[in-house]
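Residue-level listing of the chains:
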Amino acid sequence: MSDYWENRAAWDMYHAMEDAERTAQKIARIYRKTLTQLTYAARDVFDKYRKDYGLSEVEAWELLNKMQDKASIDELLLALRNEKTRKGRQDILKVLEAPAYTSRIERFKDMMQQVDFLMQNVYEQEKQFDTTFFENLARDSYYKTIYNTQRQTGYGFAFSNISEKEIAHALSINWSGKHYSKRIWKNTQNLAEALKEEMIISLLTERTDRETTQTFEKTFHTGMIQARRLVRTESAFVHGELQKRAYKEAGIKKYRYVAILDLRTSELCRGLDGKIFSVSEAMTGKNYPPMHPWCRSTTINIVDDEILKNMKRNAYDPETGRTIKIPANMTYKEWYKQYVEGKPKAEAQEKAVKNAAKDRRQFDSYQKVLGKDMPKHFADFQEMKYNEPEKWEQLKALKQYFEKNPGNTKTDYKIGKALKDSGIKGIPKVNPEKIDVSDYTYDTNHINAERAHMVSREEAENFIKKSDISLTRWNGRFVNYYSKDGAAYVDVENKNIRTAFSSKEFDENTLKIRKAVEKYAGGNHVSNIQKND
C-alpha cells in the first residue's frame with residue numbers, strides 16, 4: 001500500500017482526462033455531422049470533374065488575400081474584373097459571369113450563409129457539452145480529494161458541500177486570459193472563415209467536388225483538434241481548481257507537484273516535478289497545473305518526508321517500454337538521469353517525442369514523393385529515423401533520387417545503385433519510353449565503317465523498340481537503349497543514332513547492365529516488351 005496515494009492521484013487525473021476524451025468524442029461527432037451536411041451542399045455547387053479553366057492555388061490565394069471580405073462573392077468578381085488582363089483572370093471571370101452560371105453563384109452564396117448557421121449550431125452544442133461536463137467534473141474532483149484526504153489521514157473531519165455558486169465561479173475564471181466559452185466561439189468562427197476561404201479557392205481553381213470535400217475534411221480535422229485540446233486543458237484546470245479548494249477545506253497547507261515520468265512530459269513540468277509549494281500560493285500556470293495545453297500533471301497533498309521515502313511511484317522505463325516502481329521522492333531530473341541519459345534507445349525515443357510535429361510534416365512530404373516505397377505508418381517512420389540509421393539513409397537517398405528523376409521507380413533506383421557500384425555512369429530506366437527516331441540521322445560511317453559493328457538502321461531501331469532498359473547520360477544528351485538482342489546509343493541533342501551493336505559484342509559493362517535488369521526487374525520488363533511488339 002506504500003504507493004497507494006501516489007497512484008490514487010494519478011488515477012483520479014487519468015479518469016478526469018478519460019471523461020474529457022469521451023466529451024471530446026461527442027463534440028467530434030457534432031463536427032463530423034456538420035461536415036457531412038456541408039459536403040452534401042457542396043455537391044450542388046462544385047463540378048464532379050476538373051475543367052480546363054481556373055487559376056492555380058498560388059494565384060487564387062494571392063487574389064483572395066487582396067480582398068477585405070474573403071467570403072464575399074461580389075467582392076471576388078470585382079477583384080477579378082480589376083485584374084482581368086492578367087493571365088487566367090479573364091477565362092474564370094467569363095465562366096463566373098456567364099448566365100448559365102448564375103444559379104450556381106446563388107447556390108454558392110447560400111452555402112456561404114449555411115456555413116455561418118452550421119458553425120453557430122456547432123458552437124451552441126459544444127458549449128453545452130463542455131459546460132455540463134465541467135460542472136460534473138468539478139463536483140467529482142472536490143469530493144474525491146476530500147475523501148482521499150480522509151482516507152490518507154485517517155480522520156473523518158467535517159467539511160462543507162460544494163455549492164452550485166462555487167462551481168459556477170470556478171468555471172467563470174479566465175485562468176488563461178479568455179473564458180472557455182469565448183475560446184469555443186473563436187475556434188468555431190475561425191473554422192467558419194477557413195471553410196469560406198477554401199470554398200472561394202475551390203471556385204477559382206476549379207477543384208472537383210471530391211477535392212473540395214478532402215479540403216473540408218482537413219479543415220474540420222483541425223477544428224476537432226482545437227476542440228479536443230480545449231476540453232482536455234479546461235478539464236485539467238477544473239480538476240486542479242476544485243482539488244485546490246478541497247485542500248483548503250481539509251486544512252492542507254502544502255502540496256507536491258507530480259509530473260508524469262515519461263518522455264512526453266514538457267520541460268516546464270519536468271522542472272517542477274517533486275517540488276513542494278504552499279496551497280495559499282498556488283497559481284495555475286506558475287506552480288500549479290495545468291502549466292500548458294495538454295498538461296497531464298497533478299498534485300498530491302504533502303506527507304512527512306520519512307514516510308515519503310518509503311513510498312513508491314510509477315514511472316516509464318524507455319529502455320524496456322515497461323512501467324516500473326521507483327522511490328516516491330525521486331524527481332523527474334533524477335529519473336531522467338538514471339533511465340534516459342546515456343541510453344541510446346531512450347534518447348532516440350525522446351528525440352522522436354520532441355520532434356513529433358516536425359517529423360509528421362516530414363512524413364507527409366516523404367509520402368507525397370515516395371508513396372508506397374516508404375513506411376506506411378508514422379510510428380514506423382520515426383522508428384526508422386531514430387533507430388535504423390542505415391535504412392534511414394537509404395530512404396533519404398531514394399527520396400532525393402525520385403525528386404531528381406520524376407517518373408522513375410524504386411527498381412530504377414536499385415539498378416542505378418548497383419551500376420554505380422560497378423563504375424557504370426548514367427540514370428537507368430526500366431521499360432523506358434522509346435524515342436521516335438524516324439527523323440534521326442544514322443551514323444553508319446561510325447557504326448559500320450569505323451567500328452565494324454555491321455548493324456543496319458532497321459536492326460538499330462529494333463534494338464530501341466525492344467529495349468527493356470535505358471541509360472541517360474551527359475545530362476540527358478545521350479540515351480542508351482539495351483535489349484537482349486543488342487544496344488543502340490541515341491544522341492538526342494543532335495538527333496542522331498550514334499552507335500549500335502548486337503548482343504554478340506556485349507562488353508563487360510553491357511553484360512553488367514543486362515545482369516542488373518534481370519536481377520532487379522525480374523520478369524516484369526519481359527512482359528512489357530511483349531506488349532510493345
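Above this text you will find the structure in question.
About the thresholds
Residues numbered from 1 in each chain as written. Predicted model: local features only at pLDDT ≥ 70, side-chain atom pairs only at ≥ 80, totals over all residues. Heavy atoms only, no water. Pairing = 2+ DSSP bridges. Helix = DSSP H or I, 4+ residues; strand = E, 2+ residues; numbered from the N terminus. Axes fitted to C-alpha atoms, helices over the stretch in contact; angles between N-to-C directions. Parallel < 35°, antiparallel > 145°, perpendicular 65-115°, else oblique. Left-handed = near helix turned anticlockwise from the far one by under 90°. Contact = heavy atoms within 4.5 Å. Core = buried A, V, L, I, M, F, W, Y, C linked by side-chain atoms within 4.5 Å. Buried < 20%, exposed > 50% of the residue type's maximum accessible area, 1.4 Å probe, protein only. Phe/Tyr/Trp six-rings, centres within 6.5 Å; stacked < 30°, edge-to-face > 60°. Polar contact = N/O pair within 3.5 Å; in protein donor to acceptor, adjacent residues only side chain to side chain. Disulfide = S-S within 2.5 Å.

Caption draft 1: How the structure looks around the sheet that holds strand S1 (residues 254-258). Taken in spatial order, the three strands line up as S2-S1-S3 in an open sheet, and their pairing is antiparallel. Either end of the sheet is taken by a strand with one partner, and the two such strands are strand S2 (276-278) and strand S3 (298-301). Here the strands of the sheet are splayed against their neighbours by 40° on average, with no regard to which way each runs. By the bridge criterion, four bridges tie S1 to S3 in an arrangement that is antiparallel. When the bridges of S3 are listed, Val-258 appears paired with Thr-298.

Caption draft 2: Seen up close, the packing of helix H14 (residues 378-387) against helix H15 (residues 389-404). At a minimum axis distance of 6 Å, the contact between H14 and H15 shows a crossing angle of 110°. In terms of orientation, H14 and H15 fall into the roughly perpendicular class. The interaxial crossing formed by H14 with H15 has left-handed handedness. Residues Phe-381, Met-384, Lys-385 and Asn-387 of H14 form the contact with H15, whose participating residues are Pro-389, Lys-391, Trp-392 and Leu-395.

Caption draft 3: Expanded view of the nonpolar core. Counting 28 residues, the largest nonpolar core has Tyr-31, Leu-38, Met-119, Leu-195, Phe-216 and Phe-220 as its most contacted members. Elements that contribute at least two residues to this core include exactly helix H1 (4-42), helix H5 (102-153), helix H7 (180-205) and helix H8 (209-250). The residues contacting Leu-195, other than those within four sequence positions of it, are Leu-38, Val-115, Met-119, Phe-216, Thr-219 and Phe-220. Core analysis: the second largest hydrophobic core is formed by 24 residues, Ala-20, Phe-134, Leu-230 and Phe-237 among them.

Caption draft 4: View of the packing of aromatic side chains. Applying the stated criterion across every chain yields a total of 19 aromatic pairs. With a centroid separation of 5.4 Å and 85° between ring planes, the pair formed by Trp-474 and Phe-478 is classed as edge-to-face. Here Tyr-489 and Phe-501 contribute two aromatic rings whose centre-to-centre distance is 5.7 Å and whose plane-to-plane angle is 80°, an arrangement assigned as edge-to-face. With a gap of 12 residues between them, Tyr-489 in strand S10 (residues 486-491) and Phe-501 in strand S11 (residues 496-502) connect regions that are remote in the sequence. Clustering of aromatic rings is evident, with ring pairs tying together Phe-363, Tyr-366, Phe-378, Phe-381 and Trp-392.

Caption draft 5: Main features of the side chain of Ser-235. With respect to the secondary-structure elements, Ser-235 resides in helix H8. From its side chain, Ser-235 meets the backbone oxygen of Val-231 in a polar contact 2.5 Å long. Excluding residues that lie within four positions of it along the chain, Ser-235 makes contacts with Met-17, Ala-20, Phe-133, Phe-134 and Leu-137.

Caption draft 6: Representation of the state of the cysteines in the model. Throughout the structure, instances matching the rule amount to zero disulfides. Free of any disulfide, Cys-269 has its nearest cysteine sulfur in Cys-295, 3.8 Å distant. By relative accessible area, which is 2% here, Cys-269 ends up buried. Among the residues examined, Cys-295 registers a relative accessible area of 2% and is labelled buried.

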